[in-house]
Amino acid sequence: MNPVFFDEALSQKLAHASEVAPEHIAGEVNAADLVGACVRLNDQHGARLLDAFALENQEQPGQYLVCYTFELGRDGGMVTLYTKVNGERPGYPAVSPCIHAADWFEREIYEMYGIEPAGHPMLGEFIFRNSALQNFFPLRKTSAGVIQSGGDEVLPTAGPAIKGEGVFEMPLGPVYSGVAEAIHFQLSSIGEEILWVTPRLFYKHRAYEKTAENLLPQQAVLLAERISGTTGFAESLAFCQAVENLAHMEVPELGLYLRTVFAELERIYNHIGSIADLCESTSLGVGAAQGYILKERLLRLNTQLTGHRYLMGVNRIGGVRVDLNKEKRELLRQTLRDVRRDFRKWIKMLQDTDTYLDRLEGIGVVKPASAKDLSLTGPVGRVSGVDRDFRRDHPYAAYSEVRFTVPVLEDGDCLARMRVRELEVEESVEIIEQLLPQLSAGIPANSAVPEFPAGEYACGFSEGPRGGTLHWVWMGEGGLIWRWRVRPPSLVNWHAYPVAPEGSVFQDFPIILASFGLSAAECDR
Amino acid sequence: MANWVLKGLATQVVTTRYPFRREDDIPGACSFTPSVTKDQCLSTCAECAEVCPTGAIRKSLLSPDAPEIDYARCIFCRQCAEVCPKRIISLSKRFELSSLNDGGGILKEAGTANKVRRLFRRSLHIRHMDAGSCEACLSEISALSSPYYDLNRLGFFFTNSPRHADVLLVSGPVTKNLEQSLQKTYEAIPEPKMVIGAGTCAAGGWMAGQNYACRKRLDSLLPVDLVIPGCPPSPLTLLHGLLLALGRVTK
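Residues numbered from 1 in each chain as written. Chains lettered and ligands numbered in written order. Predicted model: local features only at pLDDT ≥ 70, side-chain atom pairs only at ≥ 80, totals over all residues. Heavy atoms only, no water.

(A) Highlighting the domain arrangement of chain B. Residue and element names in this part refer to chain B. Split into domains, chain B comes out as domain 1 (33-92) and domain 2 (99-245). Placing a centre on the C-alpha atoms of domain 1 and another on those of domain 2 gives a separation of 28 Å. Contact residues are listed per partner, giving eight residues for domain 1 and seven residues for domain 2. Counting the surface lost from both domain 1 and domain 2, the interface buries some 590 Å², and carbon and sulfur atoms represent 73% of this. By the criterion of area lost to domain 2, the three top residues of domain 1 are A72, I75 and F76, representing 63% of everything that side buries. For the interface between domain 1 and domain 2, the tally reads zero salt bridges. At the junction of domain 1 with domain 2, the criterion picks out one residue pair in polar contact (both at pLDDT 80 or more). Considered class by class, the residues forming the side of domain 1 that touches domain 2 number six nonpolar, one polar and one charged. (Domains from an automatic or database assignment. Contact = heavy atoms within 4.5 Å. Buried area = accessible area lost by both parts, 1.4 Å probe. Salt bridge = Lys/Arg side-chain N within 4 Å of Asp/Glu carboxyl O. Polar contact = N/O pair within 3.5 Å; in protein donor to acceptor, adjacent residues only side chain to side chain. Nonpolar A, V, L, I, M, F, W, Y, C, P; charged D, E, K, R; others polar.)

(B) Broad picture of the UniProt feature "domain: NADH-quinone oxidoreductase subunit D" (unreviewed entry) in chain A. Residue and element names in this part refer to chain A. Here, UniProt's "domain: NADH-quinone oxidoreductase subunit D" (unreviewed entry) annotation points to residues 295-442 and 451-525. Span residues 295-442 is 55% helix and 3% strand, its end C-alpha atoms 31 Å apart. Counted over residues 451-525, helix gives 28% and strand 32%. Its end C-alpha atoms are 27 Å apart. (UniProt positions renumbered as here; feature names shortened; annotations may be inferred. Helix = DSSP H or I, 4+ residues; strand = E, 2+ residues; numbered from the N terminus.)

(C) Fine view of the confidence of the model for chain B. On average, residues of chain B score 83 in pLDDT, and 94% of them are at 70 or above. For this predicted complex, the interface score ipTM comes out at 0.90, while the overall pTM is 0.91. (pLDDT = per-residue confidence, 0-100.)

(D) The pairing of strand β9 (residues 194-198) of chain B, seen in detail. All names here are of chain B. Extensive coverage of β9 is indicated by the burial of five of its five residues. Both faces of β9 are covered, namely the face carrying M194, I196 and A198 and the face carrying V195 and G197. Handedness of the crossover joining strand β8 (residues 167-171) and β9 through helix α6 (residues 179-188) is recorded here as right-handed. Pairing of β9 with strand β10 (residues 226-228) involves three bridges; the strand directions are parallel. When the bridges of β10 are listed, G197 appears paired with V227. (Buried < 20%, exposed > 50% of the residue type's maximum accessible area, 1.4 Å probe, protein only. Right-handed = clockwise from strand over helix to strand, strands pointing away. Pairing = 2+ DSSP bridges.)

(E) Geometry of helix α16 (residues 509-516) of chain A. Residues and elements named next belong to chain A. Burial runs high along α16: seven of the eight residues are buried. Among all positions of α16, only F509, I511, I512, L513, A514, S515 and F516 are buried. After α16 finishes, the residue G517 shows a positive phi value of roughly 55 degrees.

(F) Layout of the sheet that holds β9 of chain B. Residues and elements named next belong to chain B. Reading across from one edge, β5-β10-β9-β8-β6-β7 is the order of the six strands in this open sheet, with mixed pairing throughout. In this open sheet, the two edge strands, each paired with only one partner strand, are β5 (99-100) and β7 (156-158). Packed onto the sheet, helix α8 (residues 235-245) meets β5, β6 (124-130), β7, β9 and β10 and runs at close to 165 degrees relative to β10. (Axes fitted to C-alpha atoms, helices over the stretch in contact; angles between N-to-C directions.)

Set out below in structure tokens:
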């Protein structure tokens, strides 16, 4: 039973409380009570904010629902609070002055819907760089189509984030060294020391949430895979689970097991790639090359098993498209065994390389208190004491059938971020080894044609290599999606990123960036 | 450091010999490609075209001609091969997917093309620009520098400054927020210069020009010389595309 029901102060404020999913209740609060209810959840129940977003009320056009989703703790389930707002320029009191983690979500609500979280200190210039778009709220149902006209992109004009004598302002990006994603950093430094970094994201905003509104769920799976190509399986898994929950669709046991196997394969290659990137950032060329060799071997394994290097086109609603025959299972077992052997040797060598460790140790520290305030997720959170993992806390797919531990560290520095990935790779290999003998014969997908009743909604989540991802789906008429909300892990972790380089020196910046292993594509959608 | 040198030496050469040797048989180097294997097909069936989410397959219901796949729009979801009742479309390991388009690039005119190819034949500096890709393209492009593909052996180099570059390699559908950056990067590259689009998004597929955030296709903004299909294009496909642009492989 959800402990929120026992909290009288809170349950009095809740109206129409209902179960969205097992262990997940949703209730309406008055706009005036929203901040109080959120703070009570956060402070009294140790809940952390997972997501905040808005949507248009299906029954009443022009009315919007603003939703705040909290996770209550390891065994407590989830709570979603929503409030209704009306009018041409609706507003409600912002939560972010009390709960810092809501900051970016509220900025997104403002730009996407024109709903003003009153009291938020910094609204606008978040997603859109273009002055012509200032009164265009794309996720409103009345906004549609391609905006052909419009002025040029407004390049960052905001003054220096920090003013003072000797403060040097360094703009970096969106096009900068090497093969890198389009992000803009505003670095304020004094001498060697970095005072603050302001990342400007959403250069890569591709309007996925809006695009999905004209698609069938089957088609949107392909879109979910491309939120971030390298964590496509985790994203599409969360989306498929949301849709399956919505349609009350059973996934065959084999499908659940295979999903777990592929999700772990994705984690392994991503973590190895992240550690290799970290070597690259410290100019340890041979070390990086060894890591990329391992990564390439795993990508090739993915193709041999599924036909795609990044596991795209594997997930479908109701299960997975591919089965693993006997040879493929044997190939998977052998390749993993070899990769693990070489991985251990590689890690051992890295741990014996002082020049490498010196660059990581004590650099880019995120303290547990900040990590909690910012609601960090994934390995980046787990090195700062955030002991949360959807796989263990709310098991999905076949995670309840396997034994594994979730490594949690307290140091919060670059070295710990490498260490946690290394430990997670070991765990993931263990998980796959446990699952392989249990893979039964059968069909990998439920091929029944699901029905999607209009007005139904559901939530799905998964723990990807970069952290927990959360998808909400509302269905509309004709089996088309009405609203798709994605809360990718990078959106949360980018928000927390500026905390880490604070006070470190200039040349540590790329190392800290690599140690976070964040993706702009995933954040921007 | 000495142990890293030894480790590097002890790791045997893993680099592919492509294009000097055919490499169709490397297991798993390329995602599977739907290919049309027969030239006759059922005249009453167009399931492949119906199931294709991006409209990359053209199939007439009136004639028994086999379907045509436009790889520039294909996102390699492999559903067509799954539904094809006669296995006319099947999955292959084909990876040489690029073709020289007759777009507005400098390779269009035979005279310029030869001059450019002579200039860049042995050394080509590439400035990559991410114009909104989903990161899979990015991962494959950076894999070109990894030991397995090692593009430097062919005289290709990634360069940090557009002023040192000969070719602009664009991935992603070109988001509105990056249109201006793309234009500026292009202008900063000295003449003669080429533009290569990598991946289905840059080739004008699915996302491009479809919504408020991606309003123009790459080829309507810049003169594109070559598109490399793939979602994402695997490293060998990228290598083939680059070599094709320089005339170092034919077809």
